[in-house]
Amino acid sequence: MPGIRGSAAYSHEPPRDPCLKINSKEPFNAEPPRSVLISSYVTPVEFFYKRNHGPAPIVDDIERYRVCIFGLVENPKELSLDDIRKLPRYDVTATLQCAGNRRTAMSKVKTVKGVGWDVAAIGNAVWGGARLADVLELVGIPKLAATTPSGGKHVEFTSVDRCKEENGGPYKASIPLKRATSPEADVLLAYEMNGEPLNRDHGYPLRVIVPGVIGARSVKWLDSIEITAEECQGFFMQRDYKMFAPSVNWDNISWPTRRPLMDFPVQSAICSLEDVNVVNDGKIVVAGYAVSGGGRGIERVDVSVDGGKTWVEASRYQKPDVPYTADDDVCCDKWAWILFKVEVDIPQNAEIVAKAVDMAANVQPEDVTVIWNLRGVLNTSWHKVEVQVGRSNL
Ligand code: MTE
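The rules behind each value
Residue numbers here run from 1 along each chain, matching the order of that chain's written sequence. Two thresholds apply to this predicted model, a pLDDT of at least 70 for residue-level local features and 80 or more for giving and counting side-chain atom pairs, whereas whole-chain, interface and lining totals are computed over all residues. In computing side-chain properties, one takes all heavy atoms of the structure into account and sets aside hydrogens as well as water. Strands are treated as partners if at least two bridges between them are detected by DSSP. Helix and strand assignments come from DSSP, with helices taken as H or I runs of at least 4 residues and strands as E runs of at least 2, each series counted from the N terminus. Here an axis means a line fitted to C-alpha atoms, over the contact stretch when the element is a helix, while the angle between two N-to-C directions is reported on a 0 to 180 degree scale. Cavity means a closed set of points on a 1 Å grid over the protein atoms alone, one where a 1.4 Å probe fits but cannot get out, pocket means an open set with protein on both sides within 12 Å along at least 5 of 7 lines, and lining means a residue has an atom within 4 Å of a point. Grid points are joined across faces, edges and corners, and a volume is the space filled by probe spheres set on the points. For this scheme, ten residues count as nonpolar: Ala, Val, Leu, Ile, Met, Phe, Trp, Tyr, Cys and Pro. Four count as charged, namely Asp, Glu, Lys and Arg, and the remainder, Gly too, count as polar. A single heavy atom is enough: if one lies within 4 Å of a molecule or strand, its residue is considered near that molecule or strand. Counted as a polar contact is a pair of N or O atoms within 3.5 Å, where, for protein atoms, one must be capable of donating a hydrogen and the other of accepting one, and residues adjacent in sequence contribute only when both atoms are in side chains. Only the protein chains shown count as covering a residue, and every accessible area follows the Shrake-Rupley method with a 1.4 Å probe. Assignment of a molecule to a cavity or pocket requires that more than half of its atoms lie within 2 Å of the corresponding grid points. Salt bridge, as applied in this entry: a Lys or Arg side-chain nitrogen positioned within 4 Å of an Asp or Glu carboxyl oxygen. When accessible area is computed with a 1.4 Å probe and restricted to protein chains, residues below 20% of their type maximum are described as buried, those above 50% as exposed, and intermediate ones as partly exposed. In this tally, Lys and Arg are treated as positive and Asp and Glu as negative; His is ignored, and so are the chain termini. We call two residues in contact when some of their heavy atoms are within 4.5 Å. Aromatic rings from Phe, Tyr and Trp, taking only the six-membered ring of Trp, are treated as a pair when their centres fall within 6.5 Å; an angle between ring planes under 30 degrees marks them as stacked, one over 60 as edge-to-face, and anything in between as tilted.

Caption draft 1: Layout of the sheet that holds strand β16 (residues 283–291). With antiparallel pairing, the four strands of this open sheet are ordered in space as β14-β16-β20-β19. Looking at which strands have only one partner, the edges of the open sheet turn out to be β14 (267–270) and β19 (315–317). Across this sheet, the average inter-strand angle for adjacent strands is 25 degrees, counted without regard to direction. As judged from the three bridges shared by β19 and strand β20 (residues 338–345), these two strands associate in the antiparallel manner.

Caption draft 2: Local environment of empty space enclosed by the protein. For the structure on display, the rule yields four cavities of 30 Å³ or more. Approximately 230 Å³ is the volume found for the largest cavity. Looking at the largest cavity, it is lined by 19 residues, and the ones nearest its centre are Arg51, Arg207, Gly215, Ser218 and Lys220. Across the lining of the largest cavity, the residue classes tally to nine nonpolar, six polar and four charged.

Caption draft 3: Geometry of the site of the ligand. Around the ligand, the structure places 20 residues, and the nearest of them are Tyr49, His53, His202, Arg207 and Lys220. One nitrogen or oxygen atom from the main chain of Tyr49 is found 2.8 Å from an oxygen atom belonging to the ligand. A distance of 2.9 Å is found between an oxygen atom of the ligand and a backbone nitrogen or oxygen belonging to Arg51. Notes on the ligand: free accessible area 530 Å², of which the protein chains cover 100%. One can see that the ligand is located within the largest cavity. Breaking the shell around the ligand down by element, the ones donating at least two residues are β3 (50–51) and β8 (154–162). Split into classes, the residues belonging to the shell around the ligand amount to nine nonpolar, six polar and five charged.

Caption draft 4: The layout of surface pockets, seen in detail. Space inside the largest pocket adds up to approximately 430 Å³. As for the largest pocket, its lining consists of 22 residues, of which Ala105, Lys108, Asp275, His383 and Lys384 are closest to the centre. Contributing elements (two or more residues each) for the lining of the largest pocket: α4 (103–107) and β22 (383–389). In terms of residue count, β22 provides more of the lining of the largest pocket than any other element does, four residues in total. Of the residues contributing to the lining of the largest pocket, the split by class is eight nonpolar, four polar and ten charged.

Caption draft 5: Molecular detail of the sheet that holds strand β5 (residues 77–80). Read across the sheet, five strands follow the order β5-β4-β13-β8-β9 without closing on themselves; strand pairing throughout is mixed. At either margin of the open sheet sits one strand with a lone partner, and together these are β5 and β9 (170–176). Here the strands of the sheet are splayed against their neighbours by 20 degrees on average, with no regard to which way each runs. Looking at chain direction, β8 and β9 are connected through six bridges and run antiparallel. The residue of β9 that forms the bridge with Arg162 is Pro170.

Caption draft 6: Structural view of the pattern of salt bridges. Applying the stated criterion to the full structure yields 19 salt bridges. Of the charged contacts in the structure, one is a salt bridge between Arg89 and Glu192, with a shortest N-O distance of 2.8 Å. A residue pair is termed long-range when its members are at least 10 positions apart, and Arg89 in strand β6 (residues 89–97) and Glu192 in strand β10 (residues 188–193) qualify at 103 residues. Given a relative accessible area of 12%, Glu192 falls into the buried group. Its salt-bridge partner being Asp240, residue Arg375 comes within 2.6 Å of it at the nearest N-O pair. Linking Arg375 in the loop between β21 (349–358) and β22 with Asp240 in the loop between α7 (235–238) and β14, this pair joins segments that are 135 residues apart in sequence. For the pair formed by Arg375 and Asp240, the shared burial category is buried.

Caption draft 7: Structural view of the side chain of Arg103. For Arg103, the position within the fold is in helix α4. Of the side chains with opposite charge, Asp240 comes closest to the buried, unpaired Arg103, at an N-O distance of 5.9 Å. Here the side chain of Arg103 touches Gly376 through a polar contact of 3.3 Å, landing on its backbone oxygen. Not counting the four nearest positions on each side in its chain, Arg103 is found in contact with Val112, Lys113, Gly114, Val115, Trp117, Arg375, Gly376 and Val377.

Caption draft 8: Molecular detail of unusual backbone geometry. With an omega of -5 degrees, the peptide bond running from Glu26 to Pro27 counts as cis. By secondary structure assignment, the location of Pro27 is in the loop between β1 (21–24) and β2 (29–31). Residues Tyr204 and Pro205 are joined by a peptide bond in cis, for which omega reads 10 degrees. Looking at the element boundaries, Pro205 is found in the loop between β11 (196–197) and β12 (207–209).

Caption draft 9: Highlighting the packing of aromatic side chains. Under the counting rule described, the total for this entry stands at ten aromatic pairs. When the ring of Phe236 is compared with that of Tyr241, the centres are 6.3 Å apart and the planes differ by 40 degrees; the resulting orientation is tilted. Neither residue differs from the other here; Phe236 and Tyr241 are each classed as buried. When the centroid spacing of 6.4 Å and the interplanar angle of 45 degrees are considered together, the rings of Trp250 and Trp255 count as tilted.

Structure follows, in structure tokens:
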């Protein structure tokens, strides 16, 4: 495996769709044009955003591939992909969202550090794999366990890839054992994405999927699982992917004062329009996505054409012909986004806004300045675009 720096490290990257907008080439970070997201409820693999911290590793000897499960556990084990495939298979439709989604808009308030993303560092896929709760039973940890007899409370995932933030070491993250052993949390060791084996960019041969949680915890290219007493001490848990107050800067930051981000807040974005638009007609369709973390469904999406003075409610849908309800018990795909759509009459110069409300009545904040943070994470402020009625094609 080549190192992590210099162009040689990136000489074996997988092929990628040319429509992707590249935000960083090495490591490869790219998102589709925003309009692609609303063309299907399930995002095609080639258009799904790619978020890498180092070269995409090659795991080619699948016969010898093993996931080692060890640490504070009774029966440590090495599992082959076949062992994992023998467990009951689950297909979970879940939206994966990078905590840095919509960072570019936040950076317009004041500079932030991180890869610039528009509104498409997000995608919805059907992940096929074994439940982590079933895998952990193989090493003697029962369902719904919050601790192991030897004091294990966290499940740490270590990957095959190498990244500079870990000084050339592997990407890592952890989740609490309680979430890992809960069948309802639907945490997967996924080997398929949209019915196909995972491709290299998305973690072949095996990745973790933690539904409802920022993408950073869904470790790709899984190498090992350690049961630990403390949460993972790696860079991406302790010195990144935390949210600070707007007053915190690079001189006064104290990383240990905040916990690693997990569930993401309620989010929505308009995908049928760019930031600035000129249209011929006074009627347009405003369409986009909305999603909330922790399995909370979307109760409502409001759209305004006058910058938020008046609102209309958009229709929400997941699958055609299945009425959508945010109710947990009847919900369609609880971990997945909804797409929304509404036709509106627009005045001469319109500021179109979308905001979503989740089933716990959480609502997106109006103003990005109140949630500004130096790493530019979790920009969930109202999404606004401008539309002028003019003669765009002349
Ligand atoms: N896992 C590994 N091993 N290496 C990574 O760089 N990036 C994380 C997560 N898992 C990452 C990883 C981040 S920040 C996100 S948002 C998601 O993977 C992106 O997954 P995707 O590229 O499949 O969209």
